[in-house]
Amino acid sequence: MNQQKHPVNSAGRILTASLIGTTIEFFDFYIYATAAVLVFPKLFFPATDPTSATLESLATFALAFFARPLGAAIFGHFGDRKGRKATLVAALMTMGPSTVAIGLLPGYASIGIAAPVLLALFRLGQGLGLGGEWGGAVLLATENAPAHKKAWYGMFPQLGAPIGFLLSSGTFFILSKTMSDTSFISYGWRIPFIASALLVWVGLYVRLKIAETPEFMKMIDNDKQAKVPFADVFIKHTAAITLGTLATVTTFLLFYLMTVFTLSWGTSVLHYTKSSFLIIQMISMLAFGLGILLSAKLADQYGRNQMLIAATISIMIFGLLFAPFFTTGSLTITAIFLSVGMFLMGLTYGPIGTALAGIFPAAVRYTGASLAFTLAGILGASLTPYLATTLGHKFGLAYVGYYLTAAALVTLLALLASAKMMKQEVE
């Protein structure tokens, strides 16, 4: 069959489009996580017991992780059938309006039980959008990458996580310093949710300017699309989806322990001020970004699987030191604790997108990589703040660390079992 010539994306345009989209999506996702700890227990879940209110709020936080696989299946289907570009635009336009709607939602005192119900509904919308966003952004980068720079290109969507977190935490920090607690609870928390509409517009503009990836166009030219990518992933690529999911579990669990759980525990149990803890969390995001950059370089040089194995072993050790490292009472040592944890997070998060994309063929790559990533989110993150809070209160903080170490052991076994699979290059 004659191969047609298709538009070629410049490296700068590819990396900008993959980075800006995930930055926006993660900004939206993280402002919810922060508000779920600082605001929503009081506004949407009034209760005499603050711990119960916090747990109910964190339960809505978990909803998005259960929606993400559905988003991965839906957007993955169209991403593998109709194209990466159009699907990425649709994913962005699903999450953006959901986030703005949360910012406009009245509280329990105004509309009663409808408030937490609608909050849960809009949270599901966030999850659907992010379920389709991440995989497409990774493929946009890796399917345009030179063979020897797959992990480096695939790292750019991952950088959206620390950048999005810095933007969200920075916004909440500024709001908390420029208004009273009463004003913040009343309306201040809504500002980042509503303002995210501007970021979505920027992301939409950038993505509409890109061309489809060469690998997808080659697949179209050769008529090699899968009819039902979702079914093919589970029937023909069972080992890839199973091992890919388990290999990613610790990535999620570590991140939400170091962000949502530590913020909740640090401010409510260890009695750090909200503003001081947000500052050290923002500092730790710099270590997160550094870990992503370093891991991508090492993954291209020594292999994705080897990099992920080294990072996972380090996380297992970190879990055993979690409680004594976190409970010194020193803000400086706590800042170091957060930075070490987030640096390790960067080491495992940097290559994971490229690794997951590499274990699925192009015909089901959007669906397969997205599903593995989002299913790992259910196992590793959806209930992590809730379970960690419960473990900490019932058995002590050391058991939160054991929880992390046990998850890392599962991931290590999956990485060892998938070593051959992860050696292959993205076709």
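Higher on the page you've got the structure.
Before going further, it helps to spend a moment on the environment of Gly154. By secondary structure assignment, the location of Gly154 is in helix 7 (residues 150-178). Exposure remark for Gly154: the relative accessible area of 0% places this residue in the buried category. Each C-alpha atom, one on Gly154 and one on Asn144, is 9.7 Å from the other, the two residues being 10 residues apart in sequence. Apart from the residues within four sequence positions on either side, Gly154 is in contact with Ala141, Thr142, Gly350 and Thr354.

The subject of this paragraph is the pattern of salt bridges. For the structure on display, the rule yields 5 salt bridges. When the shortest N-O distance is used, the salt bridge between Asp80 and Arg84 registers 2.9 Å. Residue Asp80 shares its accessibility class with Arg84, and that shared class is buried. Its salt-bridge partner being Lys274, residue Asp181 comes within 4.0 Å of it at the nearest N-O pair. In this pair, Asp181 is assigned in helix 8 (residues 181-188) and Lys274 in helix 13 (residues 274-302), connecting sequence segments 93 residues apart. Among the charged side chains, a network of salt bridges with common partners joins Asp80, Arg84, Glu143 and Arg365.

This part is about the packing of helix 1 (residues 11-38) against helix 7. Remark: helix 1 packs on helix 7, axes separated minimally by 6 Å, with the N-to-C direction vectors making an angle of 40°. With respect to helix 7, the axis of helix 1 lies oblique. Regarding helix 1 and helix 7, the two cross each other, and that crossing is right-handed. Class assignment of the residues belonging to the contact of helix 1 with helix 7 gives a composition of 17 nonpolar, 8 polar and no charged.

Axis separation between helix 4 (residues 84-103) and helix 6 (residues 114-142) bottoms out at 8 Å; the angle between their running directions is 150°. It follows from the interaxial angle that helix 4 and helix 6 lie roughly antiparallel. The two elements helix 4 and helix 6 meet at a crossing, and its hand is left-handed. The residue makeup of the contact of helix 4 with helix 6, split by class, is 12 nonpolar, 8 polar and 3 charged.

A word on the nonpolar core. Within the largest apolar cluster, 134 residues are counted, with the highest numbers of intra-cluster contacts made by Phe40, Trp189, Tyr256 and Tyr349. Contact partners of Tyr349, with chain neighbours within four places excluded, come to Phe26, Trp134, Gln158, Ala161, Thr251, Phe288, Ile292 and Phe373.

What follows is about the environment of Lys209. Along the polypeptide, Lys209 turns up in the loop between helix 9 (190-208) and helix 10 (214-221). Between the C-alpha atoms of Lys209 and Ala17, which are 192 residues apart in sequence, the distance is 8.8 Å.

Across all of its chains, the model carries 27 aromatic pairs by this definition. Plain terms: the ring middles of Trp152 and Phe156 are 6.2 Å apart, the flat faces sit at 85° to each other, and that makes the pair edge-to-face. In this pair, Trp152 and Phe156 both sit in helix 7, 4 residues apart, roughly one turn of the helix. For Trp152, a relative accessible area of 22% puts it in the partly exposed group.

Despite not being glycine, His271 has its phi angle at roughly 65°, a positive value. The exposed category is assigned to His271, whose relative accessible area is 62%.

Here the focus is helix 11 (residues 229-236). For an α-helix the count is 3.6 residues per turn, leaving residues at separations of three or four pointing the same way. Taken residue by residue, helix 11 has Pro229, Asp232 and Val233 as its buried positions. Angular distribution of buried residues about the axis of helix 11 spans 105°; they occupy a single face of the element. Residues of helix 11 that are buried in the fold lie against helix 3 (50-81), helix 12 (238-268) and helix 17 (365-382).

On to the environment of Leu278. Positionally, Leu278 belongs in helix 13. A relative accessible area of 1% means that Leu278 is categorised as buried. Along the backbone, Leu278 and Val410 are 132 residues apart, and their C-alpha atoms lie at a distance of 31 Å. When residues no more than four places from it in sequence are discounted, the contact partners of Leu278 are Ser169, Phe172, Phe173 and Leu263.

Thresholds, definitions, all that
- Residues numbered from 1 in each chain as written.
- Predicted model: local features only at pLDDT ≥ 70, side-chain atom pairs only at ≥ 80, totals over all residues.
- Heavy atoms only, no water.
- Helix = DSSP H or I, 4+ residues; strand = E, 2+ residues; numbered from the N terminus.
- Buried < 20%, exposed > 50% of the residue type's maximum accessible area, 1.4 Å probe, protein only.
- Contact = heavy atoms within 4.5 Å.
- Salt bridge = Lys/Arg side-chain N within 4 Å of Asp/Glu carboxyl O.
- Axes fitted to C-alpha atoms, helices over the stretch in contact; angles between N-to-C directions.
- Parallel < 35°, antiparallel > 145°, perpendicular 65-115°, else oblique.
- Left-handed = near helix turned anticlockwise from the far one by under 90°.
- Nonpolar A, V, L, I, M, F, W, Y, C, P; charged D, E, K, R; others polar.
- Core = buried A, V, L, I, M, F, W, Y, C linked by side-chain atoms within 4.5 Å.
- Phe/Tyr/Trp six-rings, centres within 6.5 Å; stacked < 30°, edge-to-face > 60°.
- Arc of directions from axis to C-beta.

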